[in-house]
Amino acid sequence: MVLAMFELVLFVIPFCLGRIMDSPPAQELGKGKIYLPNKDASKRALKPTLNIRNGPAEFLDIMAGDNKFLECEAGGTPPPTIHWLKDGQKIPQNLYEAVHPAVRDNEVMETTLGLGFTRSRLFIDCATPNDAGRYTCVAENDYIRTFKSSQVFVADTLEADNDAICLAKKTFGSPARVHMWTHTRLELMGSDVQLFCRPNGDPQPHVVWRGPNNNVLNNSKKYEILSNGDLIVRNIMWSDMGGYSCQTKNSEGSDEALVFLYPTMPDSEDDM
């Protein structure tokens, strides 16, 4: 069936583009799955799936004062969102989450096919011993939740002068960064699609989306940029295929994430 081939395409297309990292065979990623019985999956074109393809290293040693990040990539249907825990507590990834810790910023529009990879980075700036702990990447969609953890150690070797510099950096602002974004997305032609781009930073970053032709995308009948940074592309056609860039910037710095959108042909009635 054509639908069965879509799952293969999800892996083949990004691999051919050289944009997906291979996981070491020894890593058992995607363990500890929790199935969430909050929606009826029987009406979906594809069975809900979710796997962490690349998780943070099991152990990470950081020198005090260093800048590091943990990265996580998950793929499935529907496309997952990703958040991080430190010692079991959720880490706010932007100012809104910090002020409203009970609010979930993981709403994803319902689509027919809904195949995609999501990536996330958790930045540890100017590390101190207080940053040591167990960090967990949590990937979830409406049906499944899974996770992968990393134990972070910080060597306490920071000199007093450098400690003051680190404190000043954390106090007076942080550069704009994309902490979660869609890496690859497949959806049926004629559907609306949501591409993730969640920025953080202080002051609050500004987000600009560019299309496959490097043209700036503004709110219109075709495109909508949500308050969280995500892009909605309506009624996707073959001409919408290609690389999109999400650029975020504030007075402290800038960052960019690349997204690949692949519209697919609808399944014919003969293949159902």
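Look a little higher up for the structure.
Now for a look at the structure at hand. Per-chain numbering applies: the sequence of each chain, read as written, is numbered from 1 onward. Local features in a predicted model are, by the rule used here, given only for residues with pLDDT of at least 70; side-chain atom pairs are given and counted only at 80 or more, and totals for whole chains, interfaces and linings are based on all residues. Hydrogens and water molecules were not included; the side-chain quantities draw on all heavy atoms of the structure.

**Overview of the state of the cysteines**
The term disulfide is used for any two cysteine sulfur atoms that are within 2.5 Å. Tallied over the entire structure, the rule returns 2 disulfides. Paired by a disulfide, Cys72 and Cys137 hold their sulfur atoms 2.0 Å apart. Between Cys72 and Cys137, the S-S torsion sits near -75°, and that sign places the bridge as left-handed. Placement of the pair is Cys72 in strand β4 (residues 68-77) and Cys137 in strand β8 (residues 133-140), with a sequence separation of 65 residues. Accessible area is worked out with a 1.4 Å probe on protein chains only. A residue is then buried under 20% of its type maximum, exposed over 50%, and partly exposed in between. Of the residues examined, Cys72 reaches a relative accessible area of 0% and is grouped as buried. Sulfur-sulfur distance for the disulfide between Cys197 and Cys246 comes to 1.7 Å. Only DSSP runs of H or I reaching four residues or more are called helices, and only runs of E reaching two or more are called strands; each is numbered from the N terminus.

**Some details on the environment of Gly88**
As for its placement among the helices and strands, Gly88 is situated in the loop between β5 (81-86) and β6 (89-90). A sequence separation of 45 residues divides Gly88 from Gly133, and the C-alpha atoms of the two residues are 9.8 Å apart.

**Thoughts on the packing of aromatic side chains**
Ring geometry is summarised as follows: Phe, Tyr and Trp rings, the Trp one being its six-membered ring, pair when their centres sit within 6.5 Å, and such pairs are stacked at plane angles under 30 degrees, edge-to-face over 60 and tilted between the two. One pass over the structure, following the stated rule, counts 3 aromatic pairs. Summarising the aromatic geometry, the rings of Phe69 and Phe123 are spaced 5.7 Å apart at their centres and angled 55° between planes, so their arrangement reads as tilted. Remark: Phe123 occurs in strand β7 (residues 115-124) and Phe69 occurs in strand β4; sequence separation between them is 54 residues. In this structure Phe123 comes out as partly exposed when scored by relative accessible area, which is 22%. Seen from their ring centres, Trp238 and Tyr262 are 5.8 Å apart, and the 75° between their planes marks the pair as edge-to-face. Of this pair, Trp238 sits in the loop between β16 (231-233) and β17 (242-250) while Tyr262 sits in strand β18 (residues 253-264); the two residues are 24 residues apart in sequence, bridging distant segments of the chain.

**Considerations on the nonpolar core**
Nine residue types can take part in a nonpolar core, namely buried Ala, Val, Leu, Ile, Met, Phe, Trp, Tyr and Cys, and a core is a set of them joined through side-chain atoms within 4.5 Å. In this structure, Ile82, Trp84 and Tyr135 are the most contacted members of the largest nonpolar core, which totals 22 residues. Contact definition: two residues touch when any of their heavy atoms are within 4.5 Å. With residues near it in sequence (within four places) discarded, Ile82 still touches Cys72, Ala74, Thr118, Arg119, Ser120, Cys137, Val138, Ala139 and Met180. By size, the runner-up hydrophobic cluster in this structure holds 17 residues, among which are Val207, Trp209, Cys246 and Leu261.

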